[in-house]
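Tertiary structure, described
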Amino acid sequence: MGFRLTKAVLDRSHAEGPALTALLVLAHFADDDTAEARPCLATLARILKRSRSQVIEALNRLAEDGEIERRGQYRGRATIYFLTVATRPEIRTRPENNTRPDSRTRPVRKSGPHPSGNPDTIIQDHPRSSTECAKRGANGRHAEAFARFWAAYPKRKAKARAEAAFRKLAPDDDLLAAMLAAIERQRASGQWQRESGRFIPYPASWLNGRCWDDDPDPEPTADAEPDYDAAIRALCPGPSLEAEAAVFSDPAEGARWLAEQRAIRNGKQEVTP
């Protein structure tokens, strides 16, 4: 197992992506003294979890870039790979303050001598693309917006599903403000307050149903009295009190009788035997 070669690959190689992974596996199998590795393609494919053609493509890339050399076959089967990185000078220098270098830059593979004439000098690539930076900024804004929604919603259940639904909507500032206002309005509704919030929908269901657009429930009239006459007529069809009061020959007496009957029905007057 080539611990020294593995460190050399990390410090000196210009390989990237699948080629770098394949080179690290070769360094794992290589001998530190000879810098030679003899794994077969089946072993490399199994460890790298790639097909044989993908492994061959990565090895060809390493050979073209001068990272490895093929030196015949071992016992007529496995190819012998020589890791040329063992003969290179270290090109990745650590900062003097022993801190990590800027992760936004990476070395660029370049053929031929460096313009400065110093082979140990590396060229730093430009910072990460504006697309990647914008994506990170969008993720940060999404996390902040979801945190505000989660703090405002009264039933905090199934957070992962709620966050997935929130990410799918990707609300802007105006839509988020409308959501928060709807939550405050619906929090005071009878449905959300009944039985300690038992009927409050789960946040994911609320988001998927776009419930912030729901019309508010009509507020009950505090001074309205129940219509007992209408309820009795619905249960016991027949002549109404007004019709019976109209039978009286004296309208005043009929009106007085009608008032007494309504008071009895409304429970405001005891029935005299």
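Computed from a prediction, not measured in an experiment: that's the story for all the values here. (Residues numbered from 1 in each chain as written. Predicted model: local features only at pLDDT ≥ 70, side-chain atom pairs only at ≥ 80, totals over all residues. Heavy atoms only, no water.)

So, on to the overall build of the protein. Helix and strand content of the protein: twelve helices and three strands. With 273 residues in all, the protein has 27% of them scored as buried. Counting contacts in the protein only where the partners sit at least 6 residues apart, residues at least 24 apart contribute 55% of the total. Of the roughly 18,900 Å² of accessible surface on the protein, a fraction of 51% belongs to carbon and sulfur atoms. (Helix = DSSP H or I, 4+ residues; strand = E, 2+ residues; numbered from the N terminus. Buried < 20%, exposed > 50% of the residue type's maximum accessible area, 1.4 Å probe, protein only. Contact = heavy atoms within 4.5 Å. Areas by Shrake-Rupley, 256 points an atom, 1.4 Å probe, with all protein chains shown as cover.)

Moving on, we come to the packing of aromatic side chains. All told, the structure shown has ten aromatic pairs when counted by the stated rule. Judged by centre distance (5.5 Å) and plane angle (65°), the ring pair of F146 and F166 falls under edge-to-face. Of this pair, F146 sits in helix 5 (residues 130-152) while F166 sits in helix 6 (residues 159-169), and the two are 20 residues apart along the sequence. An identical accessibility class is assigned to F146 and F166; each is buried. With centroids separated by 5.6 Å and ring planes inclined at 65°, the aromatic side chains of Y153 and W192 adopt a geometry described as edge-to-face. (Phe/Tyr/Trp six-rings, centres within 6.5 Å; stacked < 30°, edge-to-face > 60°.)

Of all the six residues making up strand 3 (residues 78-83), six are buried; the element is thus mostly covered by neighbouring parts of the structure. In the sheet, strand 1 (residues 36-37) pairs with strand 3 via two bridges, with the strands oriented antiparallel. Its bridge partner being in strand 3, A37 is matched across the sheet by Y81. (Pairing = 2+ DSSP bridges.)

This part takes up the pattern of salt bridges. Evaluated as defined, the whole model comprises five salt bridges. R38 is paired through a salt bridge with E36; the nearest N and O atoms lie 3.5 Å apart. Among the ionic pairs, D65 bridges to R61, the shortest N-O distance being 2.9 Å. Taking relative accessible area as the criterion, R61 reaches 39% and is therefore assigned partly exposed. (Salt bridge = Lys/Arg side-chain N within 4 Å of Asp/Glu carboxyl O.)

So, about the nonpolar core. L23, L26, L59, L62, I68 and L83 are the most contacted members of the largest nonpolar core, which totals 24 residues. Elements that contribute at least two residues to this core include exactly helix 1 (3-12), helix 2 (17-29), helix 3 (41-48), helix 4 (52-64) and strand 3. Tallying contributions element by element places helix 2 first for this core, with six residues. When sequence neighbours within four positions are dropped, the list of residues in contact with L59 reads L26, L41, L44, I68, R70 and Y81. By size, the runner-up hydrophobic cluster in this structure holds 20 residues, among which are A165, A182, I200 and L207. (Core = buried A, V, L, I, M, F, W, Y, C linked by side-chain atoms within 4.5 Å.)

Take the packing of helix 2 against helix 4 next. Each packed pair of helices is defined by two parameters, the angle between the axes and the distance between the axes. Between helix 2 and helix 4, the shortest axis-to-axis distance is 9 Å and the interhelical angle comes to 85°. In terms of orientation, helix 2 and helix 4 fall into the roughly perpendicular class. Residues P18, A19, A22, L23 and L26 of helix 2 lie in contact with helix 4, whose contacting residues are A58, L59, R61 and L62. Here the residues of the contact of helix 2 with helix 4 sort into eight nonpolar, no polar and one charged. (Axes fitted to C-alpha atoms, helices over the stretch in contact; angles between N-to-C directions. Parallel < 35°, antiparallel > 145°, perpendicular 65-115°, else oblique. Nonpolar A, V, L, I, M, F, W, Y, C, P; charged D, E, K, R; others polar.)

Turning next to helix 12 (residues 251-265). Over its 15 residues, helix 12 runs 21 Å from end to end, which matches the ideal 21 Å to within 8%, given 1.5 Å per residue. Inspection of helix 12 places G254, L258 and A263 among the buried residues, and these make up the whole buried set. Those residues of helix 12 hidden inside the fold are in contact with helix 11 (241-245). N-cap assignment for helix 12: the residue whose side-chain oxygen lies 3.2 Å from the backbone N of A252 is D250. (Expected span 1.5 Å × (residues − 1). Polar contact = N/O pair within 3.5 Å; in protein donor to acceptor, adjacent residues only side chain to side chain.)

Attention shifts here to the side chain of Q186. Examined against the element boundaries, Q186 turns out to sit in helix 7 (residues 173-187). Judged by relative accessible area, which is 12%, Q186 ranks as buried. Residues contacting Q186, with those up to four places away along its chain left out, are W192, W206, C211, W212 and D214.

What follows concerns helix 3. Looking only at helix 3, the buried set comprises T43, L44, A45 and L48. Within two residues after helix 3, K49 carries a phi angle of roughly 55°, on the positive side.

This next bit is on the side chain of E36. Residue placement: E36 occurs in strand 1. Those residues in contact with E36 that sit more than four places away from it in its chain are F29, A30, D31, R71, I80, Y81 and F82.

Here the protein averages 77 in pLDDT, while 68% of its residues score no lower than 70. Note on residues 92-105: pLDDT under 50 across the span, and twelve contacts to partners over four residues away in sequence or across chains. Taken as a whole, residues 120-126 scores under 50 in pLDDT and shows 18 contacts with residues more than four places along the chain or in a different chain. (pLDDT = per-residue confidence, 0-100.)

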